[in-house]
Amino acid sequence: MRKKSDDPTAPGVDWDVAAAAFDEEPDHGLRDPGVRAAWARRLRVWLPERGCDLLDLGCGTGSLSLLAAEQGHRVTGVDLSPAMIDLARAKLAGRDAVFLLGDAAAPPVGEQRFDTLLVRHVLWTLPDPARALRHWRGLVRPGGRLVLVEGVWGTVTPVGIPADRLTALLAPLTEHARVERLSQDAGLWGGAVADERYAVVATV
């Protein structure tokens, strides 16, 4: 996961340093019961009803991984920050979850394949989003899905990836993609937001 509107230079952040305070953001730590419940509701819609093999890329401290595990999914999380991985492992201790240190663009999962890839606020930070999507598509079993939560943040120097660009990149890779607009769901963010936030759920 990546910090957004308050830090447009986010790709240059030292995530090991940032890890200790990362969960203080409402939509990072999900410490507020209302915010946590809002994300849990969304995951129930986006993820398969039955337990699946789920790959959480750029998992950060594992907040979404934990929600997925609580819903019966078998989670593999990947993050580039050792400190984030340590926090995720502690957060999901005793759960059906494994956390790996590595690059979200090319996760170190070998020949393993997954039913669902979950990626939140990561794609926009990558130097070649199209290449990452092609690689991720190859990690998904036939009939699986990509769940991509992204947005565009800021007004003076906006950063992010618009929904129409993301769906265009996915078009040759997936059977179907739908966009869910999330900006109006204040419960997800701990308060009202004015920028573009959305999720794309694509089947392969």
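Note that this is a predicted model, so its numbers are computed, not measured. (Residues numbered from 1 in each chain as written. Predicted model: local features only at pLDDT ≥ 70, side-chain atom pairs only at ≥ 80, totals over all residues. Heavy atoms only, no water.)

Engineer: Would you mind going over the overall build of the protein with me for this structure?
Structural biologist: Check the secondary structure of the protein and you find seven helices and eight strands. A globule of 204 residues ought to have a C-alpha radius of gyration of about 17 Å, and the protein, at 15 Å, matches this closely. Judged by the C-alpha coordinates and their principal axes, the protein covers about 40 × 40 × 30 Å. A buried classification covers 50% of the 204 residues belonging to the protein. The long-range share in the protein, meaning contacts at least 24 apart out of those at least 6 apart in sequence, stands at 65%. Carbon and sulfur atoms provide 51% of the accessible area of the protein, an area that totals close to 9,100 Å². Put simply, the protein has 24 plus and 27 minus side-chain charges, and the middle of one group is 5 Å from the middle of the other. (Helix = DSSP H or I, 4+ residues; strand = E, 2+ residues; numbered from the N terminus. Rg over C-alpha atoms; globule rule 2.2 N^0.38 Å. Buried < 20%, exposed > 50% of the residue type's maximum accessible area, 1.4 Å probe, protein only. Contact = heavy atoms within 4.5 Å. Areas by Shrake-Rupley, 256 points an atom, 1.4 Å probe, with all protein chains shown as cover. Lys, Arg positive; Asp, Glu negative; His and termini not counted. Charge placed at Lys NZ, Arg CZ, Asp CG, Glu CD.)

Engineer: Looking at this model, I keep getting lost on the packing of helix H3 (residues 33-46) against helix H4 (residues 63-70). Mind explaining?
Structural biologist: Contact geometry for H3 and H4: axes closest at 10 Å, N-to-C directions at 60 degrees. Relative to H4, the element H3 lies oblique. For the pair H3 and H4, the crossing hand works out as right-handed. Together, Arg-36, Trp-39, Ala-40 and Leu-43 of H3 and Leu-64, Leu-66, Leu-67, Ala-68 and Glu-70 of H4 make up the contact between the two elements. Here the residues of the contact of H3 with H4 sort into seven nonpolar, no polar and two charged. (Axes fitted to C-alpha atoms, helices over the stretch in contact; angles between N-to-C directions. Parallel < 35°, antiparallel > 145°, perpendicular 65-115°, else oblique. Left-handed = near helix turned anticlockwise from the far one by under 90°. Nonpolar A, V, L, I, M, F, W, Y, C, P; charged D, E, K, R; others polar.)

Engineer: What should I look at first to understand the packing of helix H6 (residues 129-137) against helix H7 (residues 163-170) in this one?
Structural biologist: When two helices pack together, you describe them by how their axes are tilted relative to each other and by the distance separating the axes. It is the contact of H6 with H7, at a shortest axis distance of 10 Å, that shows an interaxial angle of 50 degrees. Our classification of the angle between H6 and H7 gives oblique. Both H6 and H7 take part in a crossing whose hand is right-handed. Of the residues in H7, those touching H6 at Pro-129, Ala-130 and Leu-133 are Arg-165, Leu-166, Leu-169 and Leu-170. Here the residues of the contact of H6 with H7 sort into six nonpolar, no polar and one charged.

Everything listed is a geometric property; what it means functionally is a separate question.
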